[in-house]
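One letter stands for each residue in the lines below.
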Amino acid sequence: MKREKRKHREEMERGKRKHKAKKGKELHPGWRKKLSKGDILDNSIYSRGKVVVPLGKDGIISIEVEGTIFKLHEKTRKIIRILD
């Protein structure tokens, strides 16, 4: 039980540290380095993306944001893979 609470708390802290880029402004330098497989792509970044591979039967979509391609679950925005 304690392990689950600690894991949840760590996930919440990680989410708080993620930046919230405002629409219309450039993303700050190093924004890409803060993201990794398993993270949830912030909506402000997702909204800047351009779809490069449409939604598949498995619910996976690929978007391009400032030269980086993210393969993610469309509904949850959970990152499956990052291609530079």
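Here's a quick rundown of the structure. Every value quoted in this text rests on a predicted model; they were computed, and no experiment measured them. (Residues numbered from 1 in each chain as written. Predicted model: local features only at pLDDT ≥ 70, side-chain atom pairs only at ≥ 80, totals over all residues. Heavy atoms only, no water.)

Considering the arrangement of structural elements, one finds valine 65 in strand β2 (residues 60-65). For valine 65, a relative accessible area of 1% gives the class buried. Sequence spacing of valine 65 and arginine 48 is 17 residues, and the spatial spacing of their C-alpha atoms is 6.4 Å. Those residues in contact with valine 65, other than ones at most four positions away along the chain, are Leu27, Trp31, Ile45, Arg48, Gly49 and Phe70. (Helix = DSSP H or I, 4+ residues; strand = E, 2+ residues; numbered from the N terminus. Buried < 20%, exposed > 50% of the residue type's maximum accessible area, 1.4 Å probe, protein only. Contact = heavy atoms within 4.5 Å.)

A word on the side chain of aspartate 39. Tracing the chain through its elements places aspartate 39 in the loop between α1 (2-17) and α2 (43-46). Judged by relative accessible area, aspartate 39 falls into the buried class, the value being 3%.

Tracing the backbone through its elements, the reader meets glutamate 64 in strand β2. For glutamate 64, a relative accessible area of 24% gives the class partly exposed. With 16 residues separating them along the chain, glutamate 64 and arginine 48 place their C-alpha atoms 8.5 Å apart. Not counting residues up to four positions away in its chain, the partners in contact with glutamate 64 are Arg48, Gly49, Lys50, Val52 and Ile69.

Within the secondary structure layout, glycine 59 lies in the loop between β1 (50-53) and β2. For the pair formed by glycine 59 and leucine 72, sequence separation is 13 residues and the distance between their alpha carbons is 8.4 Å. Setting aside residues no more than four positions away along its own chain, glycine 59 makes contact with Leu72, His73 and Glu74.

By themselves, these are just geometric observations and shouldn't be taken as functional.
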